[in-house]
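Residues per chain are reported as follows:
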Amino acid sequence: MSTAALNIGSRALTTHLSALQVVGHNIANVNTEGYSRQEVHTRQAGYQELGGLFYGKGVELSTVRRAHDAFLTREAQVTASVAAADSTRLSQMQRLESFFPLGDDGLGAAVNDMLNAWSDVADSPSDLSARVVALSRADDLASRMRDTAAQLDYLASSGRQQAIQTVADVNRLAGEIAELNQQVLENQGAWGEPNDLLDQRDQLIAELSKLVQVSTVNADDGSISVFAGGSQPLVLGRNANELKVTRDPMDASRSHVTFMQAGVSMEMADANLGGELGGLMVFLNDDLPSMTNQLGRMALSIATQMNTQHTLGLDMNGNPGADLFVPPADAPGLAHTDNTGTAQLHASVLDASQLVASDYELSFDAAGVSIRRISDNTVTSYPGLPVQIDGLSIELDAGAANNGDKFLIRPYAQAAKNLDVALSAPNQLAVASPVQVSPGVSNNGGVSVEALYPVSPSANLTDPVTITFQADGSFVATGLGPGNPAPDNPGPPATYNYTPGQPIEFNGWSLTLRGSPAPGDSFDVTAALPGQIAQNGGNAEAMLALRDTPAYDGIAMGDSYSSLISHLGTKVQGAKFSAQFSEQVAASAEDARSSVAGVNLDEEAARLLQYQQSYQAAAKFLQVAQGSFDTLMQTVGR
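Source: prediction; values computed, not measured. (Residues numbered from 1 in each chain as written. Predicted model: local features only at pLDDT ≥ 70, side-chain atom pairs only at ≥ 80, totals over all residues. Heavy atoms only, no water.)

Things to note about the packing of helix α3 (residues 107-123) against helix α4 (residues 128-187)
Part 1: α4 packs onto α3 with a crossing angle of 165 degrees between their chain directions and a minimal axis gap of 8 Å. Here α3 lies roughly antiparallel to α4, going by the angle between them. Here the hand of the crossing between α3 and α4 comes out left-handed. Counting all contacts with α3, which are made through Leu107, Ala110, Val111, Asp113, Met114, Ala117, Asp120 and Val121, the residues of α4 involved are Ala130, Arg131, Val133, Ala134, Arg137, Ala138, Asp140, Leu141, Arg144, Met145 and Thr148.
Part 2: Here the residues of the contact of α3 with α4 sort into twelve nonpolar, one polar and six charged. (Axes fitted to C-alpha atoms, helices over the stretch in contact; angles between N-to-C directions. Helix = DSSP H or I, 4+ residues; strand = E, 2+ residues; numbered from the N terminus. Parallel < 35°, antiparallel > 145°, perpendicular 65-115°, else oblique. Left-handed = near helix turned anticlockwise from the far one by under 90°. Contact = heavy atoms within 4.5 Å. Nonpolar A, V, L, I, M, F, W, Y, C, P; charged D, E, K, R; others polar.)

Quick look at the packing of aromatic side chains
Part 1: Using the criterion set out here, one finds nine aromatic pairs in the structure.
Part 2: Ring geometry for phenylalanine 469 and tyrosine 498: centres 5.1 Å apart, planes at 80 degrees, overall edge-to-face. Of this pair, phenylalanine 469 sits in strand β22 (residues 465-469) while tyrosine 498 sits in the loop between β23 (475-478) and β24 (504-506); the two residues are 29 residues apart in sequence, bridging distant segments of the chain. Comparing phenylalanine 469 with tyrosine 498 shows no difference in burial state: the two are buried.
Part 3: Each ring, one from phenylalanine 475 and one from tyrosine 496, has its centre 5.6 Å from the other, and the planes form 20 degrees; the classification is stacked. Of this pair, phenylalanine 475 sits in strand β23 while tyrosine 496 sits in the loop between β23 and β24, and the two are 21 residues apart along the sequence. (Phe/Tyr/Trp six-rings, centres within 6.5 Å; stacked < 30°, edge-to-face > 60°. Buried < 20%, exposed > 50% of the residue type's maximum accessible area, 1.4 Å probe, protein only.)

Quick look at the sheet that holds strand β16 (residues 378-382)
Part 1: The eight strands are arranged β16-β15-β14-β19-β12-β13-β18-β17 in an open sheet whose pairing can be described as antiparallel. Both outer strands of the open sheet, β16 and β17 (387-389), are each paired with one neighbouring strand and no more. Adjacent strand axes in the sheet meet at a mean angle of 25 degrees when their direction is disregarded.
Part 2: Direction of pairing for strand β15 (residues 368-373) relative to β16: antiparallel, over a ladder of five bridges. Across the sheet, the residue bridging to arginine 372 is valine 379, located in β16. (Pairing = 2+ DSSP bridges.)

Observations regarding the side chain of arginine 410
Part 1: The residue arginine 410 is located in the loop between β19 (406-409) and β20 (435-439) in this model.
Part 2: The exposure class assigned to arginine 410 is buried, which follows from its relative accessible area of 14%.
Part 3: Among the polar contacts made by the side chain of arginine 410, one reaches the side chain of serine 253 at a distance of 3.1 Å.
Part 4: Here arginine 410 is in contact with Asp251, Ser253, Arg254, Thr292, Ala331 and Asp359, once residues within four sequence places are set aside. (Polar contact = N/O pair within 3.5 Å; in protein donor to acceptor, adjacent residues only side chain to side chain.)

Description of the environment of glutamate 193
Part 1: For glutamate 193, the location among the structural elements is in the loop between α4 and α5 (195-211).
Part 2: A C-alpha to C-alpha distance of 7.8 Å links glutamate 193 and valine 64, two positions 129 residues apart in sequence.
Part 3: For glutamate 193, the residues in contact, after removing those within four places along its chain, are Gln188 and Leu198.

Regarding the pattern of salt bridges
Part 1: According to the stated counting rule, one finds 22 salt bridges in the structure shown.
Part 2: With its nearest N and O atoms 2.9 Å apart, the salt bridge here joins aspartate 199 to arginine 66. Of this pair, aspartate 199 sits in helix α5 while arginine 66 is found in strand β4 (residues 59-66), placing the two residues 133 residues apart along the sequence.
Part 3: With a relative accessible area of 11%, arginine 66 lands in the buried category.
Part 4: Here arginine 607 ties to glutamate 603 by a salt bridge, and the two come within 3.9 Å at their closest N and O atoms. With arginine 607 and glutamate 603 both in helix α10 (residues 601-637), this residue pair falls four residues apart, about one helical turn.
Part 5: What makes arginine 607 partly exposed here is its relative accessible area of 26%.
Part 6: If you follow the salt bridges from partner to partner, you end up with Asp251, Arg254, Asp359 and Arg410 in one network. (Salt bridge = Lys/Arg side-chain N within 4 Å of Asp/Glu carboxyl O.)

Let's talk about the pairing of strand β6 (residues 224-228)
Part 1: Within β6, four of the five residues are buried, which leaves it mostly tucked inside the rest of the structure.
Part 2: Sheet topology note: the strand β5 (residues 214-218)/β6 ladder contains five bridges and is antiparallel. Paired with asparagine 218 across the bridge in β6 is isoleucine 224.
Part 3: If you look at the hairpin formed by β5 and β6, you'll find five residues sitting between the two strands, and glycine 222 has a positive phi there, around 95 degrees.
Part 4: Hairpin geometry of β6 and strand β7 (residues 232-236) is characterised by an intervening segment of three residues between the two adjacent antiparallel strands and by a positive phi of about 60 degrees at glycine 229.

Looking at the packing of α3 against helix α8 (residues 538-545)
Angle between the axes and distance between the axes: these two values describe a pair of packed helices.
Part 1: Contact pair α3 / α8: the axes reach a minimum separation of 8 Å and the direction vectors enclose 160 degrees. Judged on the interaxial angle alone, α8 and α3 are roughly antiparallel. Judged by the sense of rotation from one axis to the other, the crossing of α3 with α8 is left-handed. Contacts from Leu115, Asn116, Trp118, Ser119, Val121 and Ala122 in α3 reach Ala540, Glu541, Met543 and Leu544 in α8.
Part 2: Partitioned by chemical class, the residues of the contact of α3 with α8 number seven nonpolar, two polar and one charged.

Keep in mind that these numbers describe shape and distance, not what the molecule does.
Structure follows, in structure tokens:
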């Protein structure tokens with residue numbers, strides 16, 4: 001009986017000593033990231049029968065178990081992954097936003113300064129200093145466009161390097177998780193688990209979740225499998241696979257994340273990646289190309305429309321105007337590496353005012369060609385090329401496409417980075433209009449000429465045209481070429497309605513009159529006289545009028561930068577809201593996990609006192625049992 005008492009005391013002593021060690025371990029790791037509070041679980045040590053009675057054998061240690069909730073841990077990992085993705089995208093978007101300043105340093109100021117400079121040229125066509133200013137303003141705009149495009153290229157390059165480093169970190173963590181799986185298998189006990197190894201593994205998975213969103217599956221042997229991108233097995237037991245950053249098969253300037261297993265690669269959708277890597281890839285393959293297209297469309301539209309108008313005028317020597325900006329090159333069709341056909345194609349600008357800021361993917365099949373506008377995934381089918389879409393003309397240059405061939409067209413990828421002024425001398429500016437207007441000598445009404453300038457390259461541009469007003473305020477136009485609008489009133493005589501201040505457009509020119517005409521008042525539009533070219537600022541007025549002409553989306557050229565900034569601002573605000581919201585959700589999930597798994601020093605202090613008292617009581621009991629045993633032995637020994 002005394003021996004049993006000694007055993008009870010020794011068991012109690014060692015059990016409560018173990019409990020004190022666990023409490024000390026908790027206190028020591030109160031600030032250790034990823035540590036889960038450990039709890040001692042005890043049980044009765046059984047019983048023995050003596051004299052028909054049953055006596056307990058005391059207490060023994062059952063197991064040391066960590067405070068862990070698999071659901072809360074998973075929730076914390078998932079929300080942390082989303083928060084990391086949103087935060088990474090927001091930081092990149094804010095960097096992007098810094099490249100598009102407002103005020104005098106912005107592209108909007110450069111556009112309007114360039115357009116407004118034509119006002120002084122129109123007022124003083126022979127003033128070389130005014131022409132120099134107009135030319136320098138155009139050069140300044142082109143320079144700013146190129147600088148901004150270069151910044152976007154740098155952002156893309158640095159983002160790709162960041163993606164490569166992030167993928168390297170993902171692969172490293174995957175390898176470490178696989179190694180910990182091996183250690184868990186080797187140290188798994190019959191009655192307990194290697195808690196610290198499990199914590200280390202969970203911490204690695206938490207770190208991995210911030211880089212890429214993962215899901216986990218626990219195996220019966222204690223190992224854990226980790227799946228990335230929805231279903232790709234990044235870690236299977238003791239084995240780890242890898243991710244890799246690869247080039248797009250149609251556009252080498254873009255990158256994708258691919259999953260590698262047994263030498264086979266599979267491209268992973270950016271939207272499924274999650275984590276920092278997902279946020280970064282969404283920015284690189286969605287947000288950044290979108291802004292590149294916005295900037296490129298702005299540059300392409302301005303250059304195309306200004307070149308078109310400039311070539312309608314005459315320079316100081318009476319020669320037809322040349323392009324003001326270096327003509328934007330046609331966009332080539334980028335062929336997919338798996339294409340089997342020999343087709344070569346390109347896209348050129350047909351109508352700058354109809355351009356949409358998007359890339360296009362062409363897919364050939366037996367029915368013809370399908371064109372997907374990538375910005376909104378709108379698909380349109382055609383029987384074949386050439387095709388006109390969104391202000392672009394897509395044409396086949398050579399060869400033929402086979403079924404299944406794919407092409408990518410990026411109309412705006414190079415527009416801003418290649419924008420440059422084509423003229424070098426102020427006298428090359430086509431300031432003069434090739435047509436002039438002369439009021440009739442007998443006019444006695446109150447009509448005045450506000451503007452006359454060319455608006456399209458008509459073959460009848462300089463043909464003589466006479467406008468004669470009727471008693472009802474309408475007018476008759478004689479000398480018109482083909483393709484002009486039909487008369488508003490059949491007559492006779494056939495007449496056109498007149499509205500003061502509303503442009504009258506015939507034969508490729510636009511004439512704006514103001515005031516009330518008298519019956520018989522007339523105006524003659526003829527070719528400009530060579531001797532008056534130096535004082536003719538008609539085309540300068542047309543260049544200035546482009547400020548209010550729709551550049552695209554119905555937005556005036558002078559407001560084109562505002563449209564770009566509005567698009568960017570909407571994206572940044574959306575990214576900011578998402579980042580703030582997901583951060584709050586992640587913090588809430590982590591608090592819930594920590595409330596279960598975290599160490600509370602007040603609770604540990606109470607447990608420390610509890611187990612200390614239990615240990616001391618066990619020691620006292622053991623002392624009493626030892627004394628009783630010694631007395632028994634002395635008595636028996638006599």
